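# Descriptive structure summary
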Amino acid sequence: MKRTLSLLLTLALLFVICGAAHAEGGAPLKISIYYNDNPTYPFRDDWLALTYIEETYNVDLEIEPVPFSDYGTKVNNVLTSQGDDTPDVIFSQKTSGGIASLALNGAIYAISDNPDWTPNFNARVAEFGLEEELETCRMSDGRLYYMPAMYDIPVYDGGLILRQDYLEAKGFEAPGNFDDLYAILKAYKEDYPDSYPLTTIYDVGFLERMTMPSWGLSLGTYNSTSSQVLSWDYENRAYFAGAISRQYRDYITFLHRLYAEGLLDPEMTQDDASTTLKLATGASMAVYAFYDQIGGWEQASEIEGFRLALYPPLTGPSGAHHMPKARLMNGIIFPVKTTQREDFEQVVRKIDEILFSEDAYMVWSLGLEGKTYTMDGDQVVFSDDILNAPEGITKYMQNAYGCGCGGTQCVFRSALEMFKNKSDFAAVNTEVAAMDQAMQYVPAAPAFDDLTAEDTTLLQGALGDAYAVWNDAFIRGTRDIDADWDTYVQEMKDKGMDEYLALFNQFSRYQ
Amino acid sequence: MKKAGVSKGIRRREPVLDCLTALVMTLCVICSVTPFLYVFAMSFSSGAAITNSHVFLWPVGFNTEAYRTVLAYPHFFRAYGYTLLFAFGGTLISLVMTSLLAYPLSKTWLRGRKTVMRMVVFSMFFSGGMIPNYLLVSGLHLTGTVWAILIPFAVNQFYLIILINFFSALPSEIEEAATIDGLDYFGILLRIVLPLSKPALTTIGLYTFVFFWNNWFYPLIYLKSSQYPVMLLLRNIVNGSASASEGTARNAALSIAVKSAVILVSSLPVLLIYPFFQKSFVRGMTLGAVKG
Amino acid sequence: MGRYWQLYAIMLVPVCYFLLFKYVPMLGNILAFRRFKPLTGPYGVSWAQPPLRYFQQFMGQEGFWQAFRNTLIISVENLAVNFPFPIIFAVLFNELTSVKARRFIQTVSYMPRFISTVVVISILSQMLSPSTGAVNRLLSQVLGLPRIYYLNEPAFFRPLYILTDMWQYTGWTAIIYLSAIAGIEKDLYEAAYMDGASRFQQIFYITIPSILPTIMVMLILNIGNLMSLGYEKVLLMQTPTNMAASDIIDTYVYRLSLGASTPQYSLGTAVGLFNGTIGLVLVTGANRIARRLTGSGIY
């Protein structure tokens with residue numbers, strides 16, 4: 001008994017040691033990193049892009065892939081405690097919400113304190129003409145606490161995805177407004193009564209995020225104003241109480257209609273695999289999702305002629321808009337604990353170099369010239385394995401080479417990104433670019449001081465929870481939109497909607 | 001379990017009661033077993049059969065691809081390694097600490113015993129709560145290390161009391177004889193009391209083992225993701241934030257089978273050891289009325 | 001002290017451990033009255049203004065009261081179902097005479113107790129999946145019911161919580177009653193048999209009255225633990241949609257602090273302290289009643 005026990009214990013230890021084994025080396029600069037792990041391209045430490053960068057720039061990146069569902073929580077907790085497990089660098093973050101309060105309390109190193117340490121980042125900002133937008137990322141103390149990832153031109157990388165083969169077979173034109181979409185869904189439901197034509201990925205909030213702007217709204221967990229229940233009035237440049245507005249009432253009425261007629265999948269919270277199954281088997285034919293998923297879905301289906309396509313945003317009561325897009329996105333922060341490293345300046349310079357330098361971001365985006373792609377004039381030509389990958393270029397490059405992964409790729413040049421997709425992607429993007437304000441700007445977060453930040457957080461918790469519950473009840477019809485609307489508005493007011501709105505407008509950067 | 005409470009000789013036949021008993025017991029057995037069978041069937045079925053809803057309690061399109069996928073996934077092994085480390089390491093530390101505390105406390109005449117006992121009992125009723133505990137563990141610089149899991153749960157008050165009661169019930173003559181033979185208290189604990197207490201130690205050891213094996217919440221808040229044990233990995237796979245294999249896009253149709261395989265493989269050791277130690281487990285239940 | 005120093009030496013490390021890991025966090029509750037700032041230690045930077053600021057904050061939150069109500073309702077409903085069920089199970093089990101059957105049923109019905117809640121909820125979500133789960137398939141094919149995403153429905157949260165508890169713990173909890181039944185004098189049954197009592201009568205006039213003290217103690221214990229639900233399971237079952245029914249105090253605290261994108265440690269500590277105090281009152285009250293009833297306390 002004793003012997004088996006000690007044997008097992010040794011075995012367990014061995015497992016752990018083997019699992020944690022890393023190439024040890026003296027020379028390369030060691031940097032530990034929190035990385036937001038996406039299950040559609042799970043992190044691998046043997047990704048070509050990663051190993052190449054490590055070798056070329058003589059750096060040892062100890063990347064900690066954190067599952068995305070726990071990422072925000074983990075980041076908050078290490079920033080708050082700054083314990084031994086605090087990484088040197090945190091990817092995919094910005095200083096909004098709770099992080100803002102942490103930054104103001106000194107938990108995060110301010111990038112703007114030493115601008116000469118980040119020459120590559122500065123160069124990209126100048127090149128893309130992002131100076132003005134970068135100003136809005138500063139906190140109320142006037143300092144900048146993160147290096148955002150950046151686009152030269154926002155890319156329309158996701159939206160309404162439909163079964164193109166079905167549309168063609170039934171003679172449907174590409175939908176232009178939501179009535180067209182309704183007609184398509186309705187036709188599919190008649191052909192396949194057991195189906196739920198429109199499904200969701202992750203949760204219904206994802207669909208709402210991409211459709212609401214056509215009603216002049218942005219609400220929910222990831223809304224454009226980070227307020228959950230407020231929306232931005234683009235005409236008057238001010239916040240308004242979106243969650244209790246007339247527009248929202250119209251919007252939710254539309255969604256409820258889809259639900260009530262069996263056009264919207266009642267399983268509204270589901271993972272990637274579940275959505276894949278539904279689309280691949282024809283249980284659904286429409287979804288709001290990212291373009292890079294299409295390849296995988298087409299590959300998974302055994303239906304003859306199965307083809308999915310991305311369509312431009314549909315026209316609603318407030319025009320045709322996709323979710324607002326900023327050219328600056330989540331980026332890099334340094335916990336203040338890292339400043340205790342003697343070689344801190346080196347760490348900052350190295351991170352700047354391996355993420356924002358011309359040579360490095362090409363690797364993160366396209367891989368190695370000669371191996372994954374070659375240049376033909378100004379055209380990118382990918383290698384055969386990539387071109388022929390059934391799940392699509394983007395997804396394949398993410399999984400096989402670690403190229404194009406959110407988090408590590410911090411510079412996006414849309415002309416290059418277009419090569420990673422089939423020609424239809426460029427076509428849709430051209431179409432969207434020609435539309436009027438298809439992707440509106442993301443309003444800069446208000447510059448709250450520390451105490452106000454605490455107050456708004458408390459209000460937001462209560463309001464956001466209540467909104468989520470009511471939103472769901474309205475869609476499902478467990479609450480009647482007409483009969484219960486006043487009760488709902490009153491409840492939101494009781495929870496401090498007016499006060500919350502006033503705070504946002506008071507501290508707004510657009511005065 | 002003790003023998004039947006009613007001896008056979010004096011039973012009347014009572015069809016209603018017998019039927020009721022048979023019915024309820026059969027239902028209970030079916031309910032207990034069905035979920036396991038269901039997952040078992042799913043894990044060996046083909047993706048197509050699952051997608052088209054053919055599978056119920058027996059595999060359809062039998063294949064072992066799900067298991068091969070799971071076993072080819074390096075993160076799964078790493079997670080399994082941590083689970084083994086926590087379960088064995090945690091149990092070992094817990095047994096040592098609990099014994100060291102229980103032995104002096106089993107001496108009713110020891111001065112200060114009452115104070116310590118009160119301290120132990122009060123901490124069963126009232127605790128620091130989630131946040132003070134988190135701040136303590138992080139203040140001790142344990143977060144991100146395996147000690148954050150191994151140390152804070154080393155003494156469970158219920159098991160401590162079981163062990164104190166067991167030690168107290170040992171005949172005092174043996175200890176007296178040992179004292180005459182020149183053994184000190186360390187010696188008595190090590191050479192006499194502990195060997196005599198194997199049944200009790202086995203019982204609380206097994207409970208502790210199961211606790212550490214099934215633990216996922218504390219690893220979630222205290223550990224780095226590279227140290228996650230298998231239960232937390234499973235939770236992340238099921239909530240969609242982790243994949244069960246490398247490159248999920250290829251295996252979408254297989255994903256349910258793979259989840260099922262992870263469920264079974266992660267529970268297997270506990271399910272396997274439990275029947276052999278059933279008696280020890282039951283003893284713990286009757287000794288201390290332990291739940292959860 | 002004399003030679004007993006060795007005994008003190010033996011328990012020195014565990015006692016220190018106990019003070020550090022059980023009592024220091026208790027003192028840490030002081031954070032409920034202090035303002036927490038990151039990087040300035042676990043006990044906050046200054047006294048809250050007013051001192052009960054964080055208590056007033058959560059008392060004014062509808063979300064807190066919803067969690068409070070949910071905790072009570074789930075606990076009471078769970079008690080109403082899962083307290084009597086193991087007793088019924090034990091009594092009926094006792095009517096079985098076949099040793100083989102008894103052993104088989106015991107092994108099978110105890111097993112779920114050893115399964116992690118993660119596994120339980122994973123299996124549950126697979127079985128209830130609207131697209132591929134067996135339950136929806138059976139209900140829609142056999143009874144023609146619509147496919148429902150049960151795990152997401154607030155109305156189904158409590159039944160599912162209670163059913164999974166029943167599945168996991170019935171057999172196991174019944175052990176206590178079975179051992180109480182095993183302790184009943186055989187003569188009682190023989191005498192009843194001679195008097196012509198049916199087995200139903202024996203159950204109602206001998207078995208149940210004999211195990212009544214055990215039942216009472218268990219009931220009191222359960223009432224004492226009313227505020228401490230299995231929050232790990234709730235956390236696993238929680239979806240944004242079923243929140244109205246599934247948010248309990250412990251998950252509320254978790255969402256305020258460790259699980260929050262904006263951690264509010266002071267507020268979370270205040271809620272936790274409030275909950276812990278109610279729990280303490282319930283347990284000591286229950287213990288006092290038990291002492292009065294049985295002559296000795298449970299602890």
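Criteria and cut-off values
- Along every chain, residues carry numbers that run from 1 in the direction the sequence is written.
- Whichever chain is written first is A, and whichever ligand is written first is 1; the rest continue in order.
- At least 70 in pLDDT is required for a residue's local features to be given in this predicted model, at least 80 for side-chain atom pairs to be given and counted, and no such filter applies to totals for whole chains, interfaces and linings, which use all residues.
- Under the scheme used here, helices are H or I runs from DSSP no shorter than 4 residues and strands are E runs no shorter than 2 residues, and both carry numbers assigned from the N terminus.
- Radius of gyration here is computed from C-alpha atoms only, and the compact-globule reference equals 2.2 Å multiplied by the residue count raised to the power 0.38.
- Put simply, a residue is buried when 20 or more other C-beta atoms lie within 10 Å of its own C-beta and exposed when 12 or fewer do; between those, it is partly exposed, and each C-beta is set from the backbone.
- We call two residues in contact whenever the C-beta atoms placed from their backbones are within 7 Å.
- Paired strands, as defined in this entry, are two strands with at least two bridges between them according to DSSP.
- Handedness of a crossover: with both strands directed away from the viewer, a clockwise path from the first strand across the helix to the second marks it as right-handed.
- Three categories are distinguished: nonpolar for Ala, Val, Leu, Ile, Met, Phe, Trp, Tyr, Cys and Pro, charged for Asp, Glu, Lys and Arg, and polar for the others, with Gly belonging to the last.
- Axis lines are fitted to C-alpha atoms, over the contacting stretch for helices. Their N-to-C directions set the angle, which ranges from 0 to 180 degrees.
- Should an angle fall under 35 degrees it is taken as roughly parallel, and over 145 as roughly antiparallel, whereas 65 to 115 is taken as roughly perpendicular and any remaining angle as oblique.
- A clockwise turn of the near helix away from the far one marks a right-handed crossing, whereas an anticlockwise turn of less than a right angle marks a left-handed crossing.
- Domain segmentation is taken from an automatic or database assignment of domains.
- What the arc covers is the set of directions going from the helix axis to the C-beta atoms.
- Remark: nonpolar core denotes a set of buried Ala, Val, Leu, Ile, Met, Phe, Trp, Tyr and Cys residues whose joining runs through C-beta atoms within 7 Å.
- You can read pLDDT as the predictor saying how much it trusts each residue, on a scale of 0 to 100.

Another point: the overall build of chain A. Helices and strands together make up the secondary structure of chain A, namely 21 helices and 16 strands. The C-alpha atoms of chain A give 24 Å as radius of gyration, which agrees with the globular expectation for 511 residues (24 Å, within 12%). By principal-axis analysis of the C-alpha atoms, chain A measures approximately 70 × 65 × 55 Å. Counting only residues that meet the buried cut, chain A has 52% of its 511 residues in that class. Once local pairs closer than 6 in sequence are excluded, the contacts in chain A between residues at least 24 apart make up 77%.

When helices and strands are tallied, chain C shows 14 helices and two strands. Here chain C has a C-alpha radius of gyration of 24 Å; the compact-globule value for 299 residues is 19 Å, and the former is much larger. Projected onto its principal axes, the C-alpha positions of chain C cover 75 × 75 × 35 Å. Within chain C, the proportion of its 299 residues that are buried is 46%. In chain C, once contacts between residues fewer than 6 apart in sequence are set aside, the share between residues at least 24 apart is 64%.

Residues and elements named next belong to chain A. With nine bridges joining them, strand β1 (residues 29-37) and strand β2 (residues 59-67) adopt parallel strand pairing. Its bridge partner being in β2, Tyr34 is matched across the sheet by Glu64. Note on the crossover from β1 through helix α2 (residues 48-56) to β2: the handedness is right-handed. As paired elements, β1 and strand β3 (residues 89-93) share two bridges and run parallel to each other. Residue pairing in the sheet places Tyr34 in a bridge with Ile90 of β3.

Counting from both sides, the interface comprises 85 residues of chain B and, opposite them, 82 residues of chain C. A per-element tally of the side of chain B that touches chain C places helix α1 (residues 15-43) of chain B first, with 14 residues. Looking at the side of chain B that touches chain C, its residues break down into 57 nonpolar, 19 polar and nine charged.

Right, let's talk about the interface of chain C and chain A for a bit. The interface is formed by 23 residues belonging to chain C together with 32 residues belonging to chain A. Taken together, the elements giving at least two residues each to the side of chain C that touches chain A come down to α3 (62-82) and α12 (243-246) of chain C. Across the side of chain C that touches chain A, the residue classes tally to 10 nonpolar, 11 polar and two charged.

Strand pairing within a sheet occurs via backbone hydrogen bonds; the two strands may be parallel or antiparallel. Residues and elements named next belong to chain A. Ordered by their spatial adjacency, four strands build an open sheet running β6-β9-β5-β10, and the pairing between neighbours is mixed. Only two strands of the sheet have a single partner each, and these edge strands are β6 (198-199) and β10 (308-311). Of the strand pairs in this sheet, β6 and strand β9 (residues 286-290) are connected by two bridges, and their pairing is parallel. Looking at the pairing, Thr199 lines up with Val287 of β9.

Turning our eyes to something else, we now look at unusual backbone geometry. Here the amide bond leading from Gln49(C) into Pro50(C) is cis, since omega sits at -10°, within 30 degrees of zero. Inspection of the secondary structure puts Pro50(C) in the loop between β2 (46-47) and α2 (53-59). Residue Ser226(A) is not a glycine yet carries a positive backbone phi of 50°. Taking the C-beta count within 10 Å as the criterion, Ser226(A) has 19 such neighbours and is therefore assigned partly exposed. A positive phi is found at Arg237(A), a non-glycine position, where the angle reads about 50°. Topologically, Arg237(A) is positioned in the loop between β7 (231-233) and β8 (238-240). For Arg237(A), a count of 12 C-beta atoms within 10 Å gives the class exposed.

Close contact between helix α4 (residues 74-105) of chain B and helix α1 (residues 5-28) of chain C brings their axes to 8 Å; oriented N to C, the two are set at 125°. Viewed along their axes, α4(B) and α1(C) adopt a mutual orientation that is oblique. Relative to α1(C), the crossing made by α4(B) is left-handed. Only Leu7(C), Ile10(C), Met11(C), Val13(C), Pro14(C), Val15(C) and Tyr17(C) of α1(C) make contact with α4(B), whose side of the interface consists of Met97(B), Leu100(B), Leu101(B), Tyr103(B) and Pro104(B). Per-class residue counts for the contact of α4(B) with α1(C) are 12 nonpolar, no polar and no charged.

All names here are of chain A. Segmentation of chain A into domains returns domain 1 (26-152 + 327-372) and domain 2 (155-323 + 413-511). Once you take the C-alpha centre of each, domain 1 and domain 2 turn out to be 29 Å apart. Within the residue set of the side of domain 1 that touches domain 2, elements represented by two or more residues are α4 (98-104) and α14 (358-366). Looking at the side of domain 1 that touches domain 2 element by element, the count peaks at four residues for α4. Classifying every residue of the side of domain 1 that touches domain 2 gives six nonpolar, nine polar and one charged.

Moving on, we get to the packing of helix α8 (residues 154-182) of chain C against helix α10 (residues 199-224) of chain C. For any two helices packed against each other, the geometry comes down to the angle between their axes and how far apart the axes lie. All names here are of chain C. Contact geometry for α8 and α10: axes closest at 9 Å, N-to-C directions at 140°. Relative to α10, the element α8 lies oblique. Along this stretch, α8 crosses α10, giving a crossing that reads as right-handed. Of α10, the residues touching α8 (which contributes Ile176, Tyr177, Ala180 and Ile181) are Thr207, Ile211, Thr214 and Met218. Considering only residue class, the contact of α8 with α10 consists of six nonpolar, two polar and no charged.

On to α2(A). All names here are of chain A. Restricting attention to buried positions, one finds in α2 the residues Ala49, Leu50 and Ile53. Along the long axis of α2, the arc covered by the buried residues comes to 100°, so they all point the same way. In this structure, the buried side of α2 is in contact with β2, α13 (344-356), α14 and α16 (393-401). Asn58 occupies a position one or two residues after α2 and carries a positive phi of about 50°.

It is worth spelling out the nonpolar core at this point. Membership of the largest hydrophobic core comes to 153 residues, with the highest contact counts inside it found for Leu163(B) and Val271(C). Counting residues per element, this core draws most heavily on α4(B), which supplies 15 residues. In this structure Leu163(B) touches Thr98(B), Ser99(B), Ala102(B), Ala200(B) and Ile204(B), once residues within four positions along its chain are discounted. Among the nonpolar cores identified, the runner-up in size contains 75 residues, and Val287(A), Trp297(A), Leu310(A) and Phe504(A) belong to it.

Our focus in this paragraph is the confidence of the model for chain A. Mean pLDDT for chain A: 89, with 95% of residues reaching 70 or above. Segment residues 17-25 of chain A: pLDDT under 50, and five contacts once partners within four positions in sequence are set aside and those in other chains are kept.

Turning our attention to the pairing of strand β15 (residues 379-382) of chain A. Residue and element names in this part refer to chain A. Across four bridges, strand β14 (residues 373-376) lies against β15 in antiparallel orientation. Considered in β15, the bridge of Thr374 is made with Val381. Hairpin connection, β14 to β15: the antiparallel pair is bridged by two residues, and Gly377 has positive phi, about 65°.

What follows covers the sheet that holds β3(A). All names here are of chain A. Pairing is mixed in the open sheet, where six strands are placed in the order β2-β1-β3-β13-β4-β16. This sheet does not close on itself; its edge strands, each paired only once, are β2 and β16 (411-412). In this sheet, β16 lies alongside strand β4 (residues 147-151) in parallel orientation, the contact comprising two bridges. Residue pairing across strands places Met150 opposite Val411, the latter belonging to β16.

Attention now moves to the environment of Lys278(A). Tracing the backbone shows Lys278(A) in helix α11 (residues 272-281). A tally of 26 C-beta atoms within 10 Å means that Lys278(A) is categorised as buried. Lys278(A) sits 13 residues away from Asp265(A) along the chain, and the two C-alpha atoms are 9.7 Å apart. Non-local contacts of Lys278(A), meaning those with residues more than four positions away in its chain, are made with Thr199(A), Asp265(A), Ala283(A), Ser284(A) and Ser131(C).

Mapped onto the elements, Tyr43(C) comes out in the loop between β1 (34-35) and β2. Sequence-distant contacts of Tyr43(C), defined by excluding residues within four places in its chain, comprise Ile30(C), Leu31(C) and Arg34(C).

So, on to the confidence of the model for chain C. Residue and element names in this part refer to chain C. For chain C, per-residue confidence averages 88 on the pLDDT scale, and residues scoring 70 or more make up 97% of the total. Looking over chain C, one finds the lowest element-wise mean pLDDT in helix α7 (residues 134-142), namely 86, and the highest in helix α4 (residues 84-93), namely 94. The ipTM for the predicted assembly is 0.89, set against a pTM of 0.84.

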